[in-house]
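For reference, the chains in residue letters:
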Amino acid sequence: MTQPLRVAFTLNGRPVEIDVDPGRTLLDVLREDLDLTGTKQGCDREGECGACTVLLDGEAVRSCLVPIGRVAGRQVLTIEGLGSPEKLHPLQQAFIERGAVQCGFCAPGMILSAAALLARRPNPTREEIAEALEGNLCRCTGYTRIVDAVEAAAAALRGEPLPPADGRDAVGGSQVRVDALDKVTGAARYAEDIKMAGLLHAAIVRSTLPHARLLAIDPAPALGLPGVLRVITAADIPGLNSLEGYSRHEPLLTPVGGSLHMVGDAVALVLAESPAGARAGAAAVELAYQPLPVVRDPVAAMEPGAPNVHEGGNVLSEYDIQFGDAEASLARGDVVLEARYATGFLEHAALERETVLAYRDAEGRITVVGGHQEPHWAHGYMARLLGLPSEGVRVITPPLGGAFGGKQDPWPLMAGALAAYHAPGGRPVRLAFTRRESFDASPKRHPYRLHYRVAAAHDGSLQGLFLRVVADTGAYDADGYYISQYALVAGGGPYRWPAVDAHAWAVYTNNPKAGQMRGFGTPQSNLALECTLDELATRLGMDPLALRLHNAIDDDTVLFLGYRPAETVGFRQCLEAIEPWYREALARAAGRNSREAGPWRFGAGLAGMWYRFGKPGPISSEAHAELALDGGVICYCSAPDYGQGTTTVMAQLAAEALGLPRDCVSVVNGDTARTPDSGIQGASRSTYWVGGAVTRAAAALREQILGTAAEMLNQDPERLELRPGAVVAPGEDRLPLAEVAVEMERIGLARRVRGVFAPGLDDDFLASRPEYLPFFVTGAHVAEVEVNVETGQV
Ligand code: FES
Ligand code: FES
């Protein structure tokens, strides 16, 4: 134990004096000793993400790199000291007003870096702002609104007032997010920020080999270390050691005698008194392996004789689309083009690493506080893992630092539940992946190999499409089963194909597991198709936009999937809408290329897009709306907000249906003990499906409120108005909502009502395409690109 060091400094304007291990960093002391959790950690303290930025004597520094001794006698400012909810700093105000906060995990560090910039440069250019924030990563916003916010705050600090935000109608106005205030002041508590007495820490023992048989696990060296309390293996799982239903063949922990299929496969959980102790314990657990042959290439994995990743062969799924006579059409084509593409694994890299807090609550229920895109579904996995009834577990979703599809994986929540189940003395446990682990063990975007052959007539009419796709799902399914279907649905795009021959395979390898990621299965095919169309346009000597317009689907087109779109697709309108920008961008690029010498060349391009949203088959969502006894209105749903704004959207929709301002509605979101199952939160479905259920619940509640009030006031309900806190009768007679709630309670009328939304697809529609996806959205993009033709820099 190192001799503690006494460090005195000024923190957020107040003197602080603490005795600390001098080896610790300012970040850890702020978060762990001083409970200032607005300062975040996103990169294993490697100085890469900027989430831990604070001001040290006015300079922006990464607190994860600052030894605590270095702050002695100096001024430290954290996000909690910059402004308060009652008196926000202009930067905090501007981040809220300009929509610069989504998941919010980057916001404290971003704001403090901006504060340092504005202190030395009150009127920065946008380029200077971008440069000053270069070390602060944001995975959600795309930075434009952040730069807007800093510009606006600079103006405010110079004495120019912030222009007011847009309208504030419940729906249709530009809304500030309901959670933005907490996120810009550091008050939002993500899973890693929540303090609990007696907290233990878990670390995971992982495979270092991509394919091996696990012969033995020896926990003894770990248990001999100070602070290590428990090593949990597959043998300690009381229920089902399986992610089946989401991921075939995938266990939570690989048992002795079983096979490890990728680097990062989990073997054991180690519980200890500190994060460092848990990690040391995990490193000390001894594993005996028998290495097995490895297959990395998905095409090679399909060859006869390739090493089997799992029993039954390496093909997880296949999908086929045959439409018209593709062979004949391709043979007849005036121009036939062949193209091959390969895409790579992509990591979600949410700024918050996978983190859960798990404990046994006062009722003995195993509760996991952790981000998930489908809490009720994760709840089921936890119950089955622990062999408990559904009431024996609970999932609570806290603020979440990004998801992008990656939080569909129930693994971290299941591991947290198992840790809490075995925690000595019923103590709570936190499990936080390192960034390294997150890279190794979380699902990635599937890499594709695509082979296109397309035929077109001289006038640009597409004649036929041949497509083969091999998708690498890595070591496990993780919903990769559907990828062969999604790859092909995206592969033809929003174009008229008179004939298609398409086939796709999802294939196991010993690579990292691939799973859901934004636009699941779509961008890889979209990229390849649009590049192929550009090449085709060149071969035809045709304008790329004209080629797309010539072949764009309309609402009545029979798609290459064999049916008409269910709803308006609007693709032609998207292409027409971007045309002026596209033409201007082309002219700009041509002008610069003719004017400017040197290695930089300029270009403009466009791409079409379509994306299926929702899931196949008849699905529905449920939400509730309640009039509380104090007169407040509460909306209950399970559409967790990982930065995309669902909590705000649900408040807007409920308020709109009630006829109240948005701030009259509070939302309880994603708590399996309190909220109904609103179904899968992925595939861009939350606003449409869950929002539909919220709207129906709120409309039903409004009817009940007005009906009850009408009885109480002896009035026609049609003549009553619902206003904040009261029902108002003609002549401005006000009946407080709290009194209406009490009356509803007295007469036995439900104060909490249910709304269910299922899209209006009739049985014939669904029967005609049970495996296909019902809805599509389309889009079109223009890009202007500068490329250094000597270095390749873009
Ligand atoms: S830069 Fe400090 S935690 Fe990432
Ligand atoms: S809002 Fe920046 S990382 Fe999410």
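These remarks concern the structure in this document. Since the model is a prediction, treat every value here as computed from it, not as a measurement.

Turning to the packing of aromatic side chains, a few remarks are in order. Here the structure, examined in full by the defined rule, presents twelve aromatic pairs. Measuring from ring centre to ring centre gives 5.4 Å for Tyr688 and Phe757, while their planes differ by 85°; the resulting arrangement is edge-to-face. One end of the pair, Tyr688, is in helix α20 (residues 686-713); the other, Phe757, is in strand β28 (residues 752-757), with 69 residues separating them in the sequence. Judged by relative accessible area, which is 30%, Tyr688 ranks as partly exposed. For Phe757, a relative accessible area of 11% gives the class buried. In this structure an aromatic cluster arises from ring pairing among Tyr481, Tyr482, Tyr486 and Phe520. In this structure, Arg384 packs its charged tip against the face of Tyr381, placed 4.7 Å from the ring centre.

Turning our eyes to something else, we now look at helix α1 (residues 26-33). Burial of α1 is extensive: six of the eight residues sit out of reach of the surface. Regarding α1, the residues found buried are Leu26, Leu27, Asp28, Val29, Leu30 and Arg31. Where α1 ends, the next residue or the one after it, Asp35, has phi of about 55°, a positive value.

As a further point, take the pairing of strand β1 (residues 5-11). Sheet topology places β1 next to strand β2 (residues 14-20); seven bridges connect them, and they run antiparallel. Looking at the pairing, Thr10 lines up with Pro15 of β2. The hairpin turn running from β1 into β2, its antiparallel successor, is two residues long, and Asn12 in that turn takes a positive phi close to 50°. For β1 and strand β5 (residues 75-77), the ladder comprises two bridges, and the chain directions are parallel. Residue pairing for β5: Thr10 is matched across the bridge by Gln75.

With that settled, the discussion passes to the sheet that holds strand β27 (residues 733-736). The three strands lie next to each other as β25-β26-β27, forming an open sheet whose pairing is antiparallel. A strand with exactly one partner marks an edge of an open sheet, and here the two such strands are β25 (721-723) and β27. In this sheet, neighbouring strand axes are inclined to one another by 30° on average, regardless of whether the strands run parallel or antiparallel. As paired strands, β25 and strand β26 (residues 726-729) are joined by three bridges and run antiparallel to one another. Residue pairing for β26: Glu721 is matched across the bridge by Val728. Across the face of the sheet, helix α21 (residues 737-747) comes into contact with β25, β26 and β27 while running at roughly 55° to β27.

We now examine the nonpolar core. Among the nonpolar cores identified, the biggest contains 60 residues, and Trp497, Leu536 and Leu561 are the most heavily contacted of them. Ranked by residues supplied to this core, first place goes to strand β20 (residues 500-508) with seven residues.

So, about the pattern of salt bridges. Going through the model one piece at a time under the given rule, you end up with 46 salt bridges. Its salt-bridge partner being Glu32, residue Arg24 comes within 3.0 Å of it at the nearest N-O pair. In this structure Glu32 comes out as partly exposed when scored by relative accessible area, which is 44%. Each of Arg6, Glu17 and Asp19 takes part in a single network of salt bridges with overlapping partners.

Rules behind the numbers
Residues numbered from 1 in each chain as written. Chains lettered and ligands numbered in written order. Predicted model: local features only at pLDDT ≥ 70, side-chain atom pairs only at ≥ 80, totals over all residues. Heavy atoms only, no water. Phe/Tyr/Trp six-rings, centres within 6.5 Å; stacked < 30°, edge-to-face > 60°. Helix = DSSP H or I, 4+ residues; strand = E, 2+ residues; numbered from the N terminus. Buried < 20%, exposed > 50% of the residue type's maximum accessible area, 1.4 Å probe, protein only. Lys NZ or Arg CZ within 6 Å of the ring centre and 35° of its normal. Pairing = 2+ DSSP bridges. Axes fitted to C-alpha atoms, helices over the stretch in contact; angles between N-to-C directions. Contact = heavy atoms within 4.5 Å. Core = buried A, V, L, I, M, F, W, Y, C linked by side-chain atoms within 4.5 Å. Salt bridge = Lys/Arg side-chain N within 4 Å of Asp/Glu carboxyl O.

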